[in-house]
Amino acid sequence: LINNNGGGIFEFLPQRGLEDDLFESWFGTPHDLDFLHVVTQYGGRHTVLENNSRKMISEAIETPGLDVLELRTDRTRNVVLHQEIFNAACVKLRDALNNELVPPKVG
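Everything in this summary refers to the structure shown in the same document.

Definitions and cut-offs
Residues numbered from 1 in each chain as written. Predicted model: local features only at pLDDT ≥ 70, side-chain atom pairs only at ≥ 80, totals over all residues. Heavy atoms only, no water. Pairing = 2+ DSSP bridges. Helix = DSSP H or I, 4+ residues; strand = E, 2+ residues; numbered from the N terminus. Right-handed = clockwise from strand over helix to strand, strands pointing away. Contact = heavy atoms within 4.5 Å. Axes fitted to C-alpha atoms, helices over the stretch in contact; angles between N-to-C directions. Phe/Tyr/Trp six-rings, centres within 6.5 Å; stacked < 30°, edge-to-face > 60°. Buried < 20%, exposed > 50% of the residue type's maximum accessible area, 1.4 Å probe, protein only.

## Things to note about the pairing of strand E2 (residues 45–48)
Look at any regular strand and the pattern is simple: side chains alternate between the two faces of the sheet. Across 4 bridges, the pairing between E2 and strand E3 (residues 67–72) is parallel. Paired with Val48 across the bridge in E3 is Glu70. Traced from E2 through helix H3 (residues 53–62) to E3, the parallel crossover comes out right-handed.

Printed below as a string of structure tokens:
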């Protein structure tokens, strides 16, 4: 469960430029939900992923039953990370295309 507290997709769109209160009430719509109660109601185990998430994921896979692993994210930071990854991918793609366009040196 990726939990950005609601409205994360709207951080990527032009309406993010609105004033913070207007953006939050119309688009961000934070839900502030604690998913622990829903998961335990159905007999599941709820875990918030932290630093030792690899171990938590392995334990969930090895244990029979319902496990919900929650990864809490920050909506604003998420946009920054996506932009960094997008920019890095563009550089790699441009480099790869430029290398293909340059004829190999012969002999």
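We are not done yet, so read on.
## Side note on the sheet that holds strand E1 (residues 2–3)
Pairing is parallel across the open sheet formed by 3 strands, whose spatial order is E1-E3-E2. Only two strands of the sheet have a single partner each, and these edge strands are E1 and E2. Alignment of E1 against E3, held across 2 bridges, turns out to be parallel. Note that in E3 the partner of Asn3 across the bridge is Arg72. Set on the sheet, H3 makes contact with E2 and E3; between it and E3 the angle comes to about 160 degrees.

## Let's talk about the packing of aromatic side chains
Summed over all chains, the structure comprises 2 aromatic pairs. Ring geometry for Phe10 versus Phe27: centroids 5.4 Å apart, planes at 50 degrees, classification tilted. In this pair, Phe10 sits in the loop between E1 and helix H1 (20–28) while Phe27 sits in helix H1, placing the two residues 17 residues apart along the sequence. Given the relative accessible area of 29%, Phe10 is considered partly exposed. We classify Phe27 as partly exposed; its relative accessible area is 22%. Aromatic ring contacts, followed pair by pair, group Phe10, Phe23 and Phe27 into a single cluster.

Note that all results are geometric; they support no functional claim without further evidence.
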